[in-house]
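Tertiary structure, described
Here's the letter readout for the chains.
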Amino acid sequence: MAAVSGKLDTYRRKRDPKRTPEPVPAEADATPHGNDDTFVIQEHHARALHWDFRLERDGVLVSWAVPKGLPLDPRTNHLAVHTEDHPLEYASFGGEIPEGEYGGGTVILWDRGTYICEKWTDREVKVVLRGGRVSGRYVLFQTGGKNWMVHRMDPPPRPDWESQPTLVKPMLATLGTLPGADVDADWGYEMKWDGVRAVVYVEGGRVRAMTRNDRDVTGTYPELRAMGAAMGQTQVVLDGELVTFDDEGRPSFGRLQQRMHVTNAGQVRRLVEAVPVVYLVFDLLHLDGRPTLSLPYHQRREILESLGLSGRSWQTPPFFAGGGPEVVQASKDQHLEGVMAKRLDSAYLPGRRTESWLKVKNHLAQEILIVGWKPGKGRREGRIGSLLLATPTAAGLAYAGQVGTGFTDAMLDDLARRLGPLQRKTPPVEGTIPRPIARDARWVSAKLVGEVEFSEWTSDGRLRHPSWRGLRPDKSPNEVTRESGSSEHRAKRGAERDGK
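Attention in this report is confined to the structure presented alongside it. Keep in mind that this is a model prediction, so the values were computed, not measured.

Considering the overall build of the protein chain
Check the secondary structure of the protein chain and you find 10 helices and 30 strands. For the protein chain, the spread of C-alpha atoms along the three principal axes comes to 95 × 60 × 40 Å. Split into buried and exposed, the 500 residues of the protein chain put 50% on the buried side. Restricting to contacts in the protein chain with at least 6 residues of sequence separation, those with at least 24 account for 64%. Carbon and sulfur atoms provide 50% of the accessible area of the protein chain, an area that totals close to 23000 Å². Of the side-chain charges in the protein chain, 70 are positive and 66 negative, and the distance between the mean point of each set is 7 Å.

Written out as structure tokens, the structure reads:
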């Protein structure tokens, strides 16, 4: 009895039975009992989400905190931090440990079962688990001090199990028009959200967010961490849009600009409250060892919606099978950017731009490259007055006009800082620049991507009435395409509807 009692000294020292609902047996009650064959896994939402893995041994529960839970794939080992022994009564504990107490947070009984011990030394523990959620052979081995690793010795739990991918390029849409009435039933429709595209990877309650040009923006949008904690042990890859909303509840790309460039942790924390971001999830790419890329769009959406992803900073907006004209009208009524039309039978094609997905816009917008700027006058004396723009063509960059509206002072200051190091003596575009434009222009290398709204393209390839929307750090220069092919696309779709 004394030996068991001594094992629980650290456990008792860290807990006050008057303050916590956890079992804290009196020293006289700490007698050995049990068959040394019980294991328990508790999901612990404390300061950082982790899973507590406990094995009954000599009258106590020998315990490890496993930040990502037990691995299901033998190709991946997980960290396991050895913690104090727990009383056997803890094997049935679940509840709320008060804030401020050791381990404060929610404890959920995640799995429980029996185990067979194959080896037990001070540096290595080998067991066979038989639980409701986890079964198989595992080994824990010490790597230094309290740090251990846990490895699955058996194959994955299913023969078709595939490891979660580390990078999936988002599928891209083509600018187009609404599918015709005769094929409307073959298409699904979503609202087009005015934000930043992001593929989000969730594993072991941890989130990693990547933009379409492979930038890791996890630290920029810490709101997503709560989504990982809410999903627990679910392994999933999601596709969606990071969006901010204005005071009227409409997506605001202008407000999002305040978040897009920030990496300083202190600034990020302040902006999380002032300019909150919501991740709007619209596709499912991988789920618990099963890739879903080859599934038709409507089936991916059904599985996605079954996950019930809904929280303060993440939502799953609906999609609509058929009814394209009504969805477009609803998007206009809500002052949204437009509609995404997706063939219901379409697979997900990473990194490819295809006509299985169509962007149907309520207003024209164009991604552009900044190739120069002109000094301001009057109120903008000493600052940037307008930006000089270009779009790619087969022959190289083509001058596309200038934009001088839509800027805030903060935007102009940020642009000046970013464009300064990119200065060059000659324009990086092919062809002749109009003399009045070139006269006092300051040229820069075409490294920065931005976006403008405009009324139409002129006959000489210039943007008419452009207005600045903001920089697009989520996109790289080689991704910019001139989206001026809507008329050709419309003619093509008309010919298809007419059977030509």
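So, the sheet that holds strand S12 (residues 187-192)
Ordered by their spatial adjacency, five strands build an open sheet running S11-S21-S20-S12-S19, and the pairing between neighbours is mixed. What marks the edges here is a single partner per strand, and that holds for strand S11 (172-175) and strand S19 (320-321). Across two bridges, S12 lies against S19 in antiparallel orientation. The residue bridging Tyr-189 from the neighbouring strand is Phe-320, located in S19. Lying on the sheet, helix H6 (residues 297-306) is in contact with S12, strand S20 (338-343) and strand S21 (353-361); it crosses S12 at an angle near 55°.

Let's talk about empty space enclosed by the protein
Counted according to the given criterion, the structure contains four cavities of 30 Å³ or more. Approximately 450 Å³ is the volume found for the largest cavity. Lining the largest cavity are 30 residues, and of these Lys-192, Arg-212, Glu-241, Lys-359 and Lys-475 sit closest to its centre. When contributions to the lining of the largest cavity are tallied by element, the ones reaching two or more residues are S11, S12, S20, S21 and strand S22 (364-375). Counting residues per element, the lining of the largest cavity draws most heavily on S21, at four residues. Looking at the lining of the largest cavity, its residues break down into nine nonpolar, three polar and 18 charged.

Regarding the nonpolar core
Grouped together as the largest cluster of nonpolar side chains are 32 residues, with contacts concentrated most on Ile-41, Phe-53, Leu-55, Trp-64, Leu-70, Leu-129 and Leu-140. Contributions of two or more residues to this core are made by strand S1 (38-45), strand S2 (49-57), strand S3 (60-66), strand S7 (105-120), strand S8 (124-131), strand S9 (135-144) and strand S10 (147-152). Of all the elements, S3 adds the most residues to this core, at five residues.

Brief notes about H6
Each turn of an α-helix holds 3.6 residues, which means side chains three or four residues apart point in the same direction. Every buried residue of H6 is listed here: Tyr-297, Arg-300, Arg-301 and Leu-304. Burial along H6 is one-sided: seen end-on, the buried residues are contained in an arc of 100°. The inward-facing, buried residues of H6 contact S12, strand S15 (236-243), strand S16 (278-287), S20 and S21. Looking one or two residues beyond H6, the residue adopting positive phi is Gly-308, at roughly 60°.

Things to note about the side chain of Asp-85
Of note, Asp-85 is situated in the loop between strand S4 (78-82) and strand S5 (86-87). As a buried residue without a salt bridge, Asp-85 has its nearest oppositely charged side chain in Lys-7, at a separation of 5.5 Å. Other than its neighbours up to four places away in sequence, Asp-85 contacts Lys-7, Leu-8, Tyr-11, Val-60, Leu-61, Val-62 and Ser-63.

Re the pairing of strand S30 (residues 467-471)
For S30, the tally of buried residues reaches four of five residues, placing the bulk of the element in the interior. Taken together, the four bridges between strand S27 (residues 449-454) and S30 define a ladder with antiparallel strand orientation. The partner of Gly-450 across the bridge, within S30, is Leu-471.

Describing the side chain of Glu-223
Relative to the assigned elements, Glu-223 resides in the loop between strand S14 (206-211) and helix H3 (225-231). Under the relative-accessibility criterion, Glu-223 is labelled buried at 8%. For Glu-223, the contacting residues outside a window of four places in its chain are Arg-259, Val-272, Val-275, Pro-276, Val-277, Ser-313 and Trp-314.

So, the pattern of salt bridges
Applying the stated criterion across every chain, the model contains 39 salt bridges. In this structure, Glu-456 engages Arg-464 in a salt bridge whose closest nitrogen and oxygen atoms are separated by 2.8 Å. Using a relative accessible area of 38% as the deciding quantity, one classes Glu-456 as partly exposed. Among the charged side chains, a network of salt bridges with common partners joins Asp-194, Glu-451, Glu-453, Arg-469, Arg-472 and Asp-474.

Describing the pairing of S27
For S27, the buried fraction is high: five of the six residues fall into the buried class. As defined by bridge partners, S22 adjoins S27 across six bridges and the pair is classed as antiparallel. What sits directly across from Ala-365, in S27, is Glu-453.

With respect to the environment of Tyr-221
Examined against the element boundaries, Tyr-221 turns out to sit in the loop between S14 and H3. Separated by 13 residues in sequence, Tyr-221 and Arg-208 place their C-alpha atoms 9.9 Å apart. Among all residues touching Tyr-221, those that are not within four sequence positions of it are Leu-242, Leu-256, Arg-259, Met-260 and Val-277.

So, the packing of aromatic side chains
The full count for this structure, using the stated rule, is nine aromatic pairs. Residues Trp-64 and Trp-148 carry aromatic rings whose centres are separated by 5.6 Å and whose planes lie at 70° to one another, so their mutual orientation is edge-to-face. Highlighted residues: Trp-64 in strand S3 and Trp-148 in strand S10, separated in sequence by 84 residues. When its relative accessible area of 1% is taken as the criterion, Trp-64 is described as buried. Here Phe-407 and Trp-468 contribute two aromatic rings whose centre-to-centre distance is 5.5 Å and whose plane-to-plane angle is 25°, an arrangement assigned as stacked. Of this pair, Phe-407 sits in the loop between strand S24 (396-403) and helix H8 (409-419) while Trp-468 sits in strand S30, and the two are 61 residues apart along the sequence.

Details of unusual backbone geometry
If you check the backbone angles, Asp-214 has positive phi at about 65° while not being a glycine. Following the sequence through the fold, Asp-214 ends up in the loop between S14 and H3. Of note, His-335 is a non-glycine position whose phi angle comes to about 60°, a positive value. Position of His-335 relative to the elements: it lies in the loop between helix H7 (324-333) and S20. With relative accessibility at 56%, the residue His-335 sits in the exposed group.

Each value, and the rule that gives it
- The residue numbering used here restarts from 1 in each chain and proceeds along that chain's sequence as written.
- Local features are withheld for residues below a pLDDT of 70 in this predicted model, meaning they are given only at 70 or higher, and side-chain atom pairs are given and counted only at 80 or more; totals for whole chains, interfaces and linings count all residues.
- Hydrogens are left out, water is left out, and the side-chain values use all remaining heavy atoms of the structure.
- Secondary structure elements are defined from DSSP: runs of H or I of at least 4 residues count as helices, runs of E of at least 2 residues count as strands, and each element is numbered from the N terminus.
- Think of it in three bands: with a 1.4 Å probe and only protein chains considered, a residue is buried below 20% of the maximum accessible area for its type, exposed above 50%, and partly exposed in between.
- The criterion used for residue contact is that any of the two residues' heavy atoms lie within 4.5 Å.
- Shrake-Rupley sampling with a 1.4 Å probe provides the accessible areas, and residues are treated as covered by the protein chains on show and by no other component.
- Here Asp and Glu are counted as negative and Lys and Arg as positive; His is not counted, and neither are the chain ends.
- Lysine's charge is taken at NZ, arginine's at CZ, aspartate's at CG and glutamate's at CD.
- Two strands qualify as a pair provided that DSSP identifies no fewer than 2 bridges between them.
- Axis definition: a line fitted to C-alpha atoms, limited for helices to the stretch in contact. Angles are taken between N-to-C directions and run from 0 to 180 degrees.
- The rule is simple: put a 1 Å grid over the protein atoms alone, call a set of points where a 1.4 Å probe fits but cannot get out a cavity, call an open set with protein on both sides within 12 Å along at least five of seven lines a pocket, and count a residue as lining if it has an atom within 4 Å of a point.
- Grid points are joined across faces, edges and corners, and a volume is the space filled by probe spheres set on the points.
- Put simply, Ala, Val, Leu, Ile, Met, Phe, Trp, Tyr, Cys and Pro go in the nonpolar bin, Asp, Glu, Lys and Arg in the charged bin, and everything else, Gly too, in the polar bin.
- Nonpolar core, defined: a set of buried Ala, Val, Leu, Ile, Met, Phe, Trp, Tyr and Cys residues in which side-chain atoms within 4.5 Å join the residues together.
- Our arc is simply the arc of the directions from the helix axis toward the C-beta atoms.
- Take a side-chain nitrogen of Lys or Arg and a carboxyl oxygen of Asp or Glu: if they are within 4 Å of each other, that pair is a salt bridge.
- Aromatic rings from Phe, Tyr and Trp, with only the six-membered ring used for Trp, were paired whenever their centres fell within 6.5 Å, and each pair was classed as stacked if the ring planes differed by under 30 degrees, edge-to-face if by over 60, and tilted otherwise.

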